[in-house]
Each structure stands twice: as structure tokens, then as C-alpha cells.
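# Residue-level structural notes
Here is what each chain is made of, one letter per residue.
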Amino acid sequence: MTLLLFVGVSGLVGLLMTLPQIVSMWELLPYSERAGTFDSRFDMASMQPAHLLGVIFPFLGGFPGWPDKHWESGLFEYWIGAFYLGALPVVSAPFAFLDLSGRRKIWAWVATAMILIGVLLSLGAHTPLYGWWHAHVPLMNRFRFPAKFLVLVVLGLLVLAALGIDTLLRRPSVTDKKNKTLTMGLGVVVMVGGLFAAALWMKPDFAVDLLGNAQAKIPEETLARAARLGLVAWGFLALAFAWTLAARKSRFPTSRLAVAGALLAFANLLVVSRQLHPAAAGGAIVAPMPVLREHLADVHYRAFSPYSAVQQYLYADPRPEIYLWARQAGSGGMWLADGVHQQYQAGTKFLKWHHLNSVIYGQNAAAANCALDWFGVKWLVQGAPWQNVLWGNASRDLRVIERATALPRFKLFDTVAVAATDSEVLSKLAAGQASPGMPLAEPACWYGAKEMRGSVPSPDAAVSGATIGRLEIELIKNSRVILRTEAAGARLLWFGDTWYPGWRAFIDGQETPIHRVNYMFMGIGVPAGQHRIEFKFVPRHFVLCTIISLSILTLALTMIAMGKTRLASARG
């Protein structure tokens with residue numbers, strides 16, 4: 001009970017220390033991609049039963065370079081072998097049950113429960129448990145990928161492996177019958193694994209059928225590589241089994257066994273990890289490498305690339321210039337010109353961003369161009385379809401296309417159209433009816449750190465004259481922007497960043513509402529004359545949460561210091 005209380009209090013302290021981040025994330029949730037319902041999609045990344053063999057044979061569900069359906073058949077993050085711990089922990093884990101004395105019994109059964117629960121939840125659509133969990137547990141309908149619960153399997157196996165290796169190295173007084181039975185059972189598993197690896201090597205078509213994609217045209221060299229990896233995995237399995245046999249015999253010193261086990265585990269994971277990014281072994285990822293820094297000289301605009309899915313392969317190449325190319329080319333979404341990833345600028349975690357993004361990839365070319373204009377995309381990185389680039393059978397030659405119609409990050413408008421709802425704005429954008437010269441503003445606005453509805457600012461087009469107005473940038477920082485404007489009439493100031501809770505706008509020191517413009521961007525009404533405009537990002541509860549966080553941190557440090565003082569006094 002004391003241990004449980006200690007863990008609970010420690011968790012509470014940890015939450016309070018990170019309160020500013022947690023509350024900011026909580027404020028984002030109603031606007032994020034998780035705000036939609038995914039009830040009908042929870043099986044999209046359900047683990048297939050065959051994937052459990054990945055604990056012994058890494059990348060059985062495919063690996064980079066395989067065709068699409070092979071590669072990502074339901075393991076999501078775990079396709080890269082992240083839940084492959086190596087042969088030694090897997091072989092050593094059963095020995096944890098040879099010694100269940102004292103508190104070891106609790107840890108062993110807790111770890112077993114974690115593994116079982118993790119497997120059942122990871123199966124997702126293949127078991128009714130996750131369906132019930134998804135429907136009845138609060139917030140679980142925002143959890144789209146059951147395979148993520150494999151992390152419980154990883155943690156449970158690690159605990160059992162620690163207990164098992166400790167049991168083997170201590171050589172406890174257990175009945176020889178139990179020890180022999182368990183060892184023989186593991187020997188059978190290793191033998192069956194060897195036969196399985198041999199079948200993959202001798203019958204490549206068997207691998208295709210097993211992985212559920214018999215129609216895929218897998219290159220012979222890819223199948224041969226998969227077979228070799230299976231044999232390598234079995235080889236480490238056999239070595240791990242040999243290590244456990246050696247650990248049972250008293251003639252081997254414990255220290256040498258421990259060193260041998262560590263070297264075996266290290267070599268195992270080193271060999272497997274080299275298979276994570278086979279693109280790295282091929283040398284150059286892209287040729288020629290576009291030089292974008294000359295193009296992206298203006299921080300008012302964005303670059304857009306559809307190659308976010310190949311980001312990890314670009315980074316897999318050890319050459320630093322490839323990494324710089326990926327940053328500059330916009331791999332991973334939308335980037336500002338200075339090469340620094342401004343995730344909050346792109347808004348890629350917003351549900352509205354995904355709706356607008358679907359317009360860009362839609363069939364209506366006029367609507368796609370309009371959405372790109374509102375996104376401020378002045379440069380497009382184009383080339384072969386990213387799926388072809390990902391699987392290695394397409395040219396890596398990419399080109400940069402400059403778009404002249406993209407809106408800058410800041411702009412003054414003398415006309416504006418009023419839309420009652422965001423759905424109306426989206427429908428007009430999707431139909432290609434939104435003109436880059438006339439923003440669509442909504443009554444929805446932020447004022448005084450609260451969401452409300454107000455009158456849409458009305459620009460004065462009658463006094464536009466020769467120019468709409470003058471706009472100067474005084475300061476641009478991540479959470480603060482200062483502009484100066486001068487116009488003969490009232491104007492709408494367009495701010496092409498995401499309309500997000502926490503932004504506040506001030507005109508000559510007086511707060512003014514920030515309206516939602518063009519579905520997910522910001523805009524304010526600016527009166528005629530000369531004005532100083534300031535945008536600040538101040539999350540509603542950030543200051544209070546920061547005070548609480550610092551107070552808890554100070555209290556924790558004080559208690560640690562007092563504990564050390566008392567310990568030193570007791571020793572004295």
C-alpha cells in the first residue's frame with residue numbers, strides 16, 4: 001500500500017510539474033484532429049495475430065521497401081520492429097516463473113497481466129474487448145490505433161526478462177524437473193522457429209501468403225533479404241537458448257555469463273537495427289538535391305511538399321546535406337522559409353487543417369489552387385508520386401515550382417465577405433468559389449481570451465484610392481508579432497496563422513476581437529489612420545499553471561534537500 005501511494009503521489013507531482021503543457025494540450029483537444037469521431041475507424045491499425053511472431057522474427061509484417069500493403073498491415077508505429085526486444089529477453093522471460101518467492105510473484109503476475117491486456121487491446125477489431133473499450137471508456141473514441149497498446153506487451157516482457165535473467169544468474173533452488181521441462185519447451189520453440197525461418201528461405205511464396213498479400217509483386221531480392229533476416233533472427237534465438245543452457249550450469253562464472261549476455265543482446269539489436277532504413281545503404285536518396293534556400297528568402301510564405309511520408313528515409317541517409325535538403329524541401333508538411341519547422345503555423349494537428357488539406361488533394365483544381373493560396377504556399381516541391389519514391393522504384397529528381405498567387409502571411413484587404421458558419425466557408429472553398437481577393441470572415445472570434453461571436457469587421461472600399469494601405473513588420477517572434485499599418489479607410493488585416501485559443505490582438509494597446517477568416521486563419525478589423533498592431537500568444541491558463549508547476553518543483557527540491565540533510569545527520 002505504501003508503494004502504491006508513493007507511485008500515485010509521484011505521478012501527481014509529475015503531472016503538476018508539467019501542468020502548463022498538459023493544459024495547453026487540453027485546450028487544443030476540441031479543435032484538434034481528435035475532435036472528430038473515429039468509431040468506425042478503430043480497426044484501421046488493429047494488430048493481426050501473425051504479427052505477434054514479430055517478437056521473435058523482426059519485420060515479419062514487412063519493412064521499408066516492401067509494397068504498401070505488406071509494409072503497413074496494421075502495426076503502425078511498431079512496423080519498424082519497435083516491439084522486438086531481442087532474442088535473449090524473450091527466451092529468458094519464462095524463467096521468471098521458476099522463482100516466485102516473496103515480492104517476485106507480484107511482479108511476475110503484474111507483468112503477465114500487462115502482456116495479456118496489451119495483446120487483447122492491440123488485436124482491436126479481431127476481439128470484442130477493444131470494441132467495448134472503445135465505446136465505454138472515456139476519451140477512448142479518440143484513440144485510433146489499437147496497435148499502440150503493444151507498448152504494454154513491451155513493458156511486461158521487459159519485467160519478465162529482468163526476473164528471468166536474475167533467476168538464471170542466481171541459480172535458485174528449484175526442482176530439476178521444472179527446470180528441465182521449461183528448457184525442453186524452449187528448445188522445441190527454437191526448433192520450430194528454425195523450421196519456420198527455413199520455410200521462409202526455401203519457399204518465398206509462403207512468405208507472401210503468410211503476410212496476407214499474395215497479389216503483391218515483391219521483387220526477388222526483397223524476398224531474399226527477408227529470408228536472410230529470418231535466418232539471422234533464428235540464429236540469435238539459438239544463441240540466446242545456448243546462453244540459458246550455460247546459465248543453468250554452475251561451471252560458468254556469473255560475471256562472464258552477464259558479460260556474454262550483454263554482448264549477445266547488443267549484437268542482436270545492432271544487426272536488426274541496421275535493417276530499419278535500407279534506403280541508407282543505397283547511398284543518395286535524392287538526386288539532384290534542389291537548393292531551396294535561394295528560393296525561400298521571404299518569411300512571408302510557405303513551402304509545401306507531399307513527401308512527409310518519406311521523411312524518415314530522407315533522414316536515414318547519414319549525409320548532413322540530405323538532412324538539410326529534407327528540412328528545406330518541406331518534408332514533413334508546411335515549413336516557413338527559414339527552415340525552422342513551425343508546426344503551429346501549419347496547424348497539421350487541427351481538424352480544420354485536414355479538411356482544407358483534403359481540398360488541396362481533391363479533384364477540383366481551382367479549389368486546390370485557392371486553398372494553396374490561402375495557405376500561403378508559394379513554393380511546391382514536386383516530383384514522382386510519393387508512394388513510388390517511398391518504395392524505391394521512381395526517380396528522386398524533384399523540382400521547385402513557384403506560385404505567384406499565394407497570399408503572404410500578413411495582408412490588408414478592403415473587401416470581405418461574411419459567412420455565417422465554418423461549414424459555409426468550407427463548402428465555398430471546396431467548390432472553388434472563394435476568391436483570393438476577398439476573404440470569407442465569420443462572426444466567430446476570440447476576445448479577452450474567450451471564444452464568442454461578434455460583428456464581422458467591415459472594410460471601407462470606397463476610400464481605397466490608389467493603394468489599399470501600408471503594412472510594416474516591426475517584430476516577428478513565435479508568440480509575439482508587432483505590425484504598423486496606415487490606410488485611408490478601415491481595413492481587414494489578414495494574419496495567415498492558425499486561429500487558435502490563446503492569441504490576443506491589440507490596436508494601439510486596446511484589445512480587439514480576432515475573427516476566424518477563411519475557415520481556420522485569423523483576421524482583425526483595423527480603423528483608418530496609423531496604428532500599431534500587436535498579436536500575443538498567451539494561453540488562458542498558462543501563467544497560473546506555470547506558477548503551480550514552479551511551486552511544486554520548488555517544494556520537491558526542498559524536500560530532497562531536507563532528506564539529504566537528515567540522512568547526513570543520521571549518519572553523523
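See the structure shown above.
What this report covers is the structure whose coordinates are included nearby. Because the structure is a prediction, the values reported are computed rather than measured.

Reading the values: rules and limits
Residues numbered from 1 in each chain as written. Predicted model: local features only at pLDDT ≥ 70, side-chain atom pairs only at ≥ 80, totals over all residues. Heavy atoms only, no water. Helix = DSSP H or I, 4+ residues; strand = E, 2+ residues; numbered from the N terminus. Buried < 20%, exposed > 50% of the residue type's maximum accessible area, 1.4 Å probe, protein only. Contact = heavy atoms within 4.5 Å. Areas by Shrake-Rupley, 256 points an atom, 1.4 Å probe, with all protein chains shown as cover. Phe/Tyr/Trp six-rings, centres within 6.5 Å; stacked < 30°, edge-to-face > 60°. Lys NZ or Arg CZ within 6 Å of the ring centre and 35° of its normal. Expected span 1.5 Å × (residues − 1). Core = buried A, V, L, I, M, F, W, Y, C linked by side-chain atoms within 4.5 Å. Salt bridge = Lys/Arg side-chain N within 4 Å of Asp/Glu carboxyl O. Pairing = 2+ DSSP bridges. Axes fitted to C-alpha atoms, helices over the stretch in contact; angles between N-to-C directions. Polar contact = N/O pair within 3.5 Å; in protein donor to acceptor, adjacent residues only side chain to side chain.

Each helix and strand counted, the protein chain has 19 helices and 16 strands in total. Expressed as a percentage of its 572 residues, the buried residues of the protein chain come to 44%. A separation threshold of at least 6 residues defines the contact pool for the protein chain, and within that pool the share at least 24 residues apart is 75%. When the accessible surface of the protein chain is split by element, carbon and sulfur atoms take 65% of a total near 28,900 Å².

Summed over all chains, the structure comprises 14 aromatic pairs. Between W494 and F521 the ring centres are 5.2 Å apart and the planes differ by 50 degrees, which places this aromatic pair in the tilted class. With W494 in strand 11 (residues 491–498) and F521 in strand 15 (residues 521–526), the pair connects residues that are 27 residues apart, well separated along the chain. Aromatic side chains W503 and F537 sit 5.5 Å apart centroid to centroid with 55 degrees between the ring planes, which places their arrangement in the tilted category. Taken together, the residues span a long stretch of sequence, with W503 in strand 12 (residues 503–507) and F537 in strand 16 (residues 529–537) at a distance of 34 residues. Judged by relative accessible area, which is 6%, W503 ranks as buried. By way of ring pairs, the aromatic residues F350, F410, F495, Y500, W503, F535 and F537 are connected into one cluster. Above the face of the F506 ring, K536 is positioned so that its terminal group lies 5.6 Å from the ring centre.

Bringing helix 5 (residues 104–122) into the picture now. For helix 5, built from 19 residues, the straight-helix expectation of 27 Å at 1.5 Å per residue is met to within 8% by its first-to-last C-alpha distance of 27 Å. All of the buried residues in helix 5 are R104, A108, A111, T112, I115, G118, V119, L121 and S122. Those residues of helix 5 hidden inside the fold are in contact with helix 6 (128–136) and helix 7 (150–170). One or two steps after helix 5, the chain reaches G124, where phi turns positive at roughly 55 degrees.

Once that is clear, we can look at the nonpolar core. W374, I514, I524 and F535 are the most contacted members of the largest nonpolar core, which totals 51 residues. Top contributing element to this core by residue count: helix 16 (residues 365–375), with six residues. Core analysis: the second largest hydrophobic core is formed by 42 residues, A87, V153, A240 and F241 among them.

This next bit is on the pattern of salt bridges. Enumeration over the complete set of coordinates arrives at 16 salt bridges. For D497, the salt bridge is made with R409, and the minimal N-O distance between the two is 2.9 Å. Placement of the pair is D497 in strand 11 and R409 in the loop between strand 4 (399–402) and strand 5 (410–413), with a sequence separation of 88 residues. Comparing D497 with R409, the two get one shared label, buried. Note that E486 is salt-bridged to R470, the shortest N-O span being 2.5 Å. Residue E486 is located in strand 10 (residues 480–487), and its partner R470 is located in strand 9 (residues 470–477); the two are separated by 16 residues in the primary sequence. Judged by relative accessible area, R470 falls into the partly exposed class, the value being 37%. Salt bridges here are not isolated pairs; linked through shared partners, they connect D99, R104, D166 and R170.

Glancing now at the sheet that holds strand 16. Taken in spatial order, the five strands line up as 9-10-16-12-13 in an open sheet, and their pairing is antiparallel. One side of each edge strand has no neighbouring strand; the edge strands of this open sheet are strand 9 and strand 13 (510–512). This sheet shows a mean twist of 25 degrees between the axes of neighbouring strands, independent of strand direction. Where strand 9 meets strand 10, seven bridges bridge the pair, whose relative direction is antiparallel. If you follow L475 over to strand 10, its bridge partner there is I482.

Pairing analysis gives eight bridges linking strand 10 to strand 16, with the strands arranged antiparallel. Note on strand 16: the bridge partner recorded for R484 is R532. Taken together, the five bridges between strand 12 and strand 16 define a ladder with antiparallel strand orientation. Residue R504 lies in a different strand from strand 16, and its bridge partner there is K536.

The subject of this paragraph is helix 16. Across the eleven residues of helix 16, eight count as buried, placing the element largely inside the fold. Taken together, the buried positions of helix 16 are A367, A368, C370, A371, L372, D373, W374 and F375. The backbone nitrogen of A366 lies 3.1 Å from a side-chain oxygen of the residue at the head of helix 16, namely N364.

Relative to the helices and strands, A434 resides in the loop between helix 18 (422–430) and strand 7 (440–447). Assessed through its relative accessible area of 6%, A434 is described here as buried.

Turning our eyes to something else, we now look at the pairing of strand 14 (residues 514–517). Side-chain positions along a regular strand alternate between the two faces of the sheet. Judged by which residues are buried, strand 14 turns out to be covered on both faces: I514 and R516 on one side and H515 and V517 on the other are all buried. Pairing geometry for strand 7 and strand 14, over three bridges, is antiparallel. Looking at strand 14, one finds that C445 is bridged to H515. The sheet contact formed by strand 14 and strand 15 spans three bridges and is antiparallel. In the sheet register, R516 faces strand 15, and the bridge partner there is M522. Turn length for the strand 14-strand 15 hairpin, with the two strands adjacent in sequence and antiparallel, is three residues, and the turn residue N518 shows positive phi of about 50 degrees.

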